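Residue-level listing of the chains:
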Amino acid sequence: MTTRRQLITLTAAMATTIALPVHAQAQEGPLRIVVPYAPGGSTDRVARLVADRLGPKLGVTVVVENRTGAGGRLAAQQLRNAPASPSVLLMANPAVMVVAPLVFKDAGYDPEKDFQAVSQANAYEFGVAVGAGVPVRELNHLLAWLRANPEQANFGVPATGSLPHFFGLMVGEKAGVKAQVIGYRGSGPLLTDLMGGQVPVAFDTFDTLLPQHEAGKIRILAVSSAKRSPFAPAIPTFVEAGLNLSADGWNTFFAPASMPAARVEQLGQAIREVMQEPQTVQRFNEARMRPVASTPAQTRASLAAYRAQWAPVVQKSGYQP
């Protein structure tokens, strides 16, 4: 028979358990963050920066998994078809969640039905860079050189169907340069070939290109932001360089549609707290990236606006996968 003292003790223990913050309750097994690109690129770096802080916040091990293929679609397809799990997230960019469903008759997933937006992590700009052996130092010189040497008009991009891909096509169209786009399996292989002279020109995220620019191994000629980057104020914008173009991108955490709403909110809150920590902000600034903290609702709204902005651009390009 339960005594009054035992009942009071049991009730107090239950109350303590209920009162624990949601993110302090350990989940079974590690939390996996799936990145659809090779290590070394912008999306991969963002995932790893967040993972380092998210693990202690949630009280679990956070593992980053790189699953490359099909321009990022393979990872989304695998998560769509995987058994329901409360412990897996997809870190994706517009190539996976905006572009692919527009250009593929069947991308293998529906970003609005098969996934839930959890939290944006960062925003970024694009840059155009040339290898050290390319004899140009300004964007207008590059465009003139490409017109005079059409056999060199090869634009490397981190993945076919990525926003750098479409931004490169926009630049070529504006400048009257018919370019051949060469897609890579991530930024790492692209930078290797750019530095090695296998591809003369590359479009990629600005933060990915900047370290090699600072090391003198490549030269960034322009940045796609509306204003010059505070991380490299000597580099002009495309507008300043003579092309009326500006654009940005993002990396965002997504959960499978099967994940319970309460778990989505929990993970979103934990990621939001991580993104606002001074240590995280400092690490992102050191990596030349802009951190963003957003609720699931804010992330959904931003995603809808972004789709409305880029759908006409992608469709006008006539891109065929």
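Use the structure listed above.
It should be emphasised that the depicted structure is a prediction, and the values quoted were computed from it without experimental measurement. (Residues numbered from 1 in each chain as written. Predicted model: local features only at pLDDT ≥ 70, side-chain atom pairs only at ≥ 80, totals over all residues. Heavy atoms only, no water.)

Participant: Before we go on, may I ask you to explain the packing of aromatic side chains in this structure?
Facilitator: Centre-to-centre distance and the angle between the planes together describe a pair of aromatic rings. Throughout the structure, instances matching the rule amount to nine aromatic pairs. Between tyrosine 124 and phenylalanine 126, the aromatic rings sit 5.7 Å apart at their centres with planes inclined by 80°, giving edge-to-face as the arrangement. The pair formed by tyrosine 124 and phenylalanine 126 is uniform in burial state, with each residue classed as buried. On the basis of an interplanar angle of 85° and a centroid distance of 5.0 Å, the ring pair of phenylalanine 167 and phenylalanine 238 is categorised as edge-to-face. Residue phenylalanine 167 is located in helix H6 (residues 163–175), and its partner phenylalanine 238 is located in the loop between strand E9 (218–223) and strand E10 (249–256); the two are separated by 71 residues in the primary sequence. With respect to class, phenylalanine 167 is no different from phenylalanine 238; both count as buried. Ring pairs connect the aromatic residues Tyr124, Phe126, Phe155, Phe167, Phe203 and Phe238, which therefore count as one cluster. Over the ring of phenylalanine 104 we find arginine 73; its NZ or CZ atom is 3.6 Å from the centre of that ring. (Phe/Tyr/Trp six-rings, centres within 6.5 Å; stacked < 30°, edge-to-face > 60°. Buried < 20%, exposed > 50% of the residue type's maximum accessible area, 1.4 Å probe, protein only. Helix = DSSP H or I, 4+ residues; strand = E, 2+ residues; numbered from the N terminus. Lys NZ or Arg CZ within 6 Å of the ring centre and 35° of its normal.)

Participant: Teacher, can you tell me more about unusual backbone geometry here?
Facilitator: Residues other than glycine predominantly adopt negative phi, and peptide bonds predominantly adopt the trans conformation. Residue alanine 70 is not a glycine yet carries a positive backbone phi of 55°. Looking at the element boundaries, alanine 70 is found in the loop between strand E2 (62–66) and helix H3 (73–81).

Participant: Is there a simple way to think about the pairing of E2 in this case?
Facilitator: The two faces of a sheet get side chains in turn, since along a regular strand they alternate between them. Sheet analysis places strand E1 (residues 31–35) next to E2, joined by five bridges and oriented parallel. Of the residues in E2, the one forming a bridge with valine 35 is asparagine 66. Handedness of the β-α-β unit built from E1, helix H2 (residues 42–58) and E2 comes out right-handed. (Pairing = 2+ DSSP bridges. Right-handed = clockwise from strand over helix to strand, strands pointing away.)

Participant: What exactly am I supposed to notice about the pattern of salt bridges here?
Facilitator: Where charged atoms from two side chains of opposite charge approach closely, those side chains can pair. Going through the model one piece at a time under the given rule, you end up with 12 salt bridges. Among the ionic pairs, aspartate 52 bridges to arginine 283, the shortest N-O distance being 3.2 Å. Of this pair, aspartate 52 sits in helix H2 while arginine 283 sits in helix H10 (residues 278–286), and the two are 231 residues apart along the sequence. Salt bridges sharing partners connect three or more residues here, namely Arg53, Lys57, Glu273 and Glu277. (Salt bridge = Lys/Arg side-chain N within 4 Å of Asp/Glu carboxyl O.)

Participant: What exactly am I supposed to notice about the nonpolar core here?
Facilitator: As a rule of thumb, nonpolar side chains are buried together in soluble globular proteins. The biggest cluster of nonpolar side chains holds 85 residues, and the ones touching the most others in it are Leu90 and Leu142. Excluding residues that lie within four positions of it along the chain, leucine 90 makes contacts with Val34, Pro36, Ala75, Ala76, Leu79, Met97, Phe115, Thr252, Phe253 and Phe254. The next biggest cluster of nonpolar side chains, apart from the first, holds 15 residues, and it includes Tyr184, Leu191, Ile220 and Ala232. (Core = buried A, V, L, I, M, F, W, Y, C linked by side-chain atoms within 4.5 Å. Contact = heavy atoms within 4.5 Å.)

Everything listed here is a matter of coordinates, which is why it stays silent on function.
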